[in-house]
2 protein chains.
Amino acid sequence: MDMKQLAEDVIAGNRRALARAITLVESGRDDHRAQAIELMDMIGKSGRQALRIGLSGTPGVGKSTFIESFGMMLIKEGLKVAVLAVDPSSSRSGGSILGDKTRMELLSREKNAFIRPSPAKSELGGVARRTREAVGLCEAAGYDLILIETVGVGQSETVVSEMSDLFLLLLAPAGGDELQGVKRGIMEMADLILVNKADGDLKSAAQRTCADYAGALRLIRKRPQDPKDFPKAMTVSAIEDRGLREAWEEMNTLTDWRRVHGFFDKRRSEQAEYWFGQDIRHGLLSQLEKEPLKSMIAELAHQVAQGEITPGHAAADVLKALQQG
Amino acid sequence: MDMKQLAEDVIAGNRRALARAITLVESGRDDHRAQAIELMDMIGKSGRQALRIGLSGTPGVGKSTFIESFGMMLIKEGLKVAVLAVDPSSSRSGGSILGDKTRMELLSREKNAFIRPSPAKSELGGVARRTREAVGLCEAAGYDLILIETVGVGQSETVVSEMSDLFLLLLAPAGGDELQGVKRGIMEMADLILVNKADGDLKSAAQRTCADYAGALRLIRKRPQDPKDFPKAMTVSAIEDRGLREAWEEMNTLTDWRRVHGFFDKRRSEQAEYWFGQDIRHGLLSQLEKEPLKSMIAELAHQVAQGEITPGHAAADVLKALQQG
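Residues numbered from 1 in each chain as written. Chains lettered and ligands numbered in written order. Predicted model: local features only at pLDDT ≥ 70, side-chain atom pairs only at ≥ 80, totals over all residues. Heavy atoms only, no water.

- Per an unreviewed UniProt entry, chain A carries the name LAO/AO transport system kinase and comes from Celeribacter halophilus.

Structural data, given as structure tokens:
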């Protein structure tokens, strides 16, 4: 594959080229990795910058409906929208449940929308690394807004927040003890908490839940990257298209403030450093999956389990073999 | 240092030699690591096996008092007791708070007790690796029972349970919503939940809390390594020396059952494999802390933050440098 041509096609907004480029960065093969690095080098020169929005919410809060309504609203404003997913369950469950086009019927038919399901089964670190590069590709392809969705379990939120400029937490209305259900760590990542389903019978429950979270957010330590009144909790109704515009305005207020005060660029720099570290770690550990080391480790693990060699001694043998190439 | 002599002295029960050996396995120096591996090879030949008991509990539940009373009871039965600690906070807080001798005044004066504070500040993985080898040293030195204490925050419990035959969770009596405070993952690790402070005014609260946890334990998926009725919740009073004997009997019942059914040895084999994997990972990642790589990484991190090079490209450069040694 000609990387220069692929990069040009991606930057020209060719959807098939974008899809092919993402497949390339998702690949686990060594030769593909080398090509992906070359591609990302060239892509970086586009100079384009999208707004990257992380979105988390447990199944049932209406994430797909929200993305569909929110995405359609943005497209009507003339923006180009990409939707990516980090699915923490993909390594264990049968398949990728997120970013499924069939869940966002209207959006998936728009020429200014690009929806990509979560990468195939792999450990979270691998999925994350690939998605981060996919974000860069969508950005270079001219998308104005990139939504990166995940599911509320903890580790995947950290990963998504490390590739987002803004982090949204989508919640459903609930009883009084629901506050306990959201991990404190996830709440602390959120820039905006959106309580969805503020419609019909659930409207007043949504408002109560929103007030509860607004109260909880006030107890969270003030972050330097936030203007007054942020992080914030609001109600929305994705199904009735309500509150989405207000939420979008809040996102813009927050982003503008961070750009003016230097926090936007600072965060991107920190994120790049974070992924640099993650890529090194991932690259180092992936050596253990390759032959002949893989067989050596399996053999030694057997001896360790039998008590024939200490874990420390066996590990030192592996490390020595690694150093000798 | 002569490792053969040191091993012999440790096996002979020399306390100073044991302390010196633990200091050696705790060291981060490369030459010390090589010596520690040699030492652990020789130590393994003692053929001795202690009962390794992990103990977790948040500050305030009376962990020190429990260890003191429980340890003294065992010593009166003619057993030798070692107390080690894995302190997850030691890397951040001022010093090691656990395993402090001054907290266990009676026990620390017994010649058949050996108390070792948590290793000096370091990341949890490092502390864990060292403590696991310290457990092996205490075992070889003829201690019958090794208590490994930690504090209830999650990750350190995993680490301690990976070096223990039994895992105890110590709790204090509390109100009805306290059940939420203990992470489900920690509860699932526990073989025995001990509700301490079942004395004076707190006695009935302790019994209520114990009943709550007994109920919660019944909802946990049955594990193959447990006989009927385990995991179990009981009340104890460390300060009044009540329930400790009963708890000890339960520990023995459980251990005997696991030995007879092969789960005891199986678990030790699995743990040895686990630590083998951890040691490899730790050894691999520690390469990044050494020169000249450390400086190279710092320089590249700066360029990554400035956007002069992509994270993936910079990481590939580091990995190439590593391979070229």
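What follows picks up the thread again.
### Some points on the pairing of strand β1 (residues 51-56) of chain B
Residue and element names in this part refer to chain B.
So, step 1. With 6 of its 6 residues buried, β1 lies for the most part within the structure.
So, step 2. Looking at chain direction, β1 and strand β4 (residues 145-150) are connected through 6 bridges and run parallel. Within the sheet, the bridge partner assigned to R52 lies in β4 and is I146.
So, step 3. Direction of pairing for β1 relative to strand β5 (residues 166-171): parallel, over a ladder of 4 bridges. Bridged to S56 within β5 is L169. (Buried < 20%, exposed > 50% of the residue type's maximum accessible area, 1.4 Å probe, protein only. Helix = DSSP H or I, 4+ residues; strand = E, 2+ residues; numbered from the N terminus. Pairing = 2+ DSSP bridges.)

### Describing the pattern of salt bridges
So, step 1. Taken as a whole and judged by the stated rule, the model has 44 salt bridges over all chains.
So, step 2. A salt bridge links R33 of chain A to E133 of chain A, with the nearest nitrogen and oxygen atoms 2.6 Å apart. Here E133 of chain A lies in helix α6 (residues 124-140) and R33 of chain A lies in helix α3 (residues 30-43), a separation of 100 residues in the sequence.
So, step 3. Taking the relative accessible area as the measure of exposure, E133 of chain A reaches 3% and is therefore buried.
So, step 4. Two residues, D279 of chain B and R132 of chain B, come together in a salt bridge whose shortest N-O distance is 3.0 Å. One end of the pair, D279 of chain B, is in helix α11 (residues 263-286); the other, R132 of chain B, is in helix α6 (residues 124-140), with 147 residues separating them in the sequence.
So, step 5. Its relative accessible area of 5% is what places D279 of chain B among the buried residues. (Salt bridge = Lys/Arg side-chain N within 4 Å of Asp/Glu carboxyl O.)

### Digging into helix α1 (residues 3-11) of chain A
All names here are of chain A.
So, step 1. Residues of α1 that are buried include every one of M3, L6, A7 and V10, and no others. One face of α1 carries all of its buried residues, which in axial projection span an arc of 100 degrees.
So, step 2. The N-cap of α1, judged by a side-chain oxygen 3.0 Å from the amide nitrogen of K4 a few residues on, is D2.
So, step 3. One or two residues past the end of α1 sits G13, with phi positive at roughly 90 degrees. (Arc of directions from axis to C-beta. Polar contact = N/O pair within 3.5 Å; in protein donor to acceptor, adjacent residues only side chain to side chain.)

### As for the sheet that holds strand β6 (residues 192-195) of chain B
Residues and elements named next belong to chain B.
So, step 1. Within the open sheet, the 7 strands sit side by side as β3-β2-β4-β1-β5-β6-β7. Their pairing is parallel. The open sheet is flanked by β3 (113-115) and β7 (232-235), the only strands paired with a single partner. Averaged over neighbouring strand pairs, the angle between their axes works out to 20 degrees when direction is ignored.
So, step 2. Here β5 runs beside β6; their pairing, made up of 4 bridges, is parallel. When the sheet's bridge partners are listed, L171 is paired in β6 with V195. (Axes fitted to C-alpha atoms, helices over the stretch in contact; angles between N-to-C directions.)

### Topic: the interface of chain A and chain B
So, step 1. On the chain B side, the residues contacting the 34 residues of chain A number 34 residues.
So, step 2. Of the roughly 2900 Å² buried between chain A and chain B on both sides combined, carbon and sulfur atoms contribute 76%.
So, step 3. A per-residue breakdown of the area chain A buries against chain B is headed by F276, I280 and L284 of chain A, which together make up 21% of the total.
So, step 4. Inspection of the region where chain A meets chain B yields 0 salt bridges.
So, step 5. For the pair chain A and chain B, the number of links is 4 residue pairs in polar contact (both at pLDDT 80 or more).
So, step 6. For the side of chain A that touches chain B, the secondary structure elements donating two or more residues are α3, α6, α11 (263-286), α12 (293-305) and α13 (311-323) of chain A.
So, step 7. Considering each element in turn, the side of chain A that touches chain B owes the most residues, 11 residues, to α11 of chain A.
So, step 8. For the side of chain A that touches chain B, a count of residues per class yields 21 nonpolar, 7 polar and 6 charged. (Contact = heavy atoms within 4.5 Å. Buried area = accessible area lost by both parts, 1.4 Å probe. Nonpolar A, V, L, I, M, F, W, Y, C, P; charged D, E, K, R; others polar.)

### Looking at the sheet that holds strand β7 (residues 232-235) of chain A
Residue and element names in this part refer to chain A.
So, step 1. Strand order in the open sheet made by the 7 strands is β3-β2-β4-β1-β5-β6-β7, with parallel pairing throughout. Both outer strands of the open sheet, β3 (113-115) and β7, are each paired with one neighbouring strand and no more. Adjacent strand axes in the sheet meet at a mean angle of 20 degrees, parallel and antiparallel pairs treated alike.
So, step 2. Along the sheet face, helix α4 (residues 63-76) touches β1 (51-56), β2 (81-85), β3, β4 (145-150), β5 (166-171) and β6 (192-195) and points at about 180 degrees away from the line of β4.
So, step 3. Here helix α9 (residues 203-218) sits on the sheet and contacts β5, β6 and β7; the angle it forms with β7, its principal contact strand, is near 175 degrees.

### Remarks on the packing of helix α1 (residues 3-11) of chain B against helix α3 (residues 30-43) of chain B
Residues and elements named next belong to chain B.
So, step 1. Viewed as axis vectors pointing N to C, α1 and α3 meet at an angle of 45 degrees, and their least axial separation amounts to 9 Å. Relative to α3, the element α1 is oriented oblique. α3 is crossed by α1, and the crossing has right-handed handedness. Residue-level inspection shows M3, K4, L6, A7, V10 and I11 of α1 in contact with α3, the latter providing Q35, E38, L39, M42 and I43.
So, step 2. A per-class count over the contact of α1 with α3 returns 8 nonpolar, 1 polar and 2 charged. (Parallel < 35°, antiparallel > 145°, perpendicular 65-115°, else oblique. Left-handed = near helix turned anticlockwise from the far one by under 90°.)

### Here's the deal with the relation of the copies chain A and chain B
So, step 1. Superposition of chain A onto chain B requires a rotation of 180 degrees combined with a translation of 0.0 Å along the rotation axis, giving an RMSD of 0.0 Å. The relationship between the two copies is best expressed as a two-fold rotation axis.
So, step 2. Both copies contact each other with a shared surface, as 100% of the interface residues of chain A are interface residues in chain B too. (Least-squares fit on C-alpha atoms with pLDDT ≥ 70 in both.)

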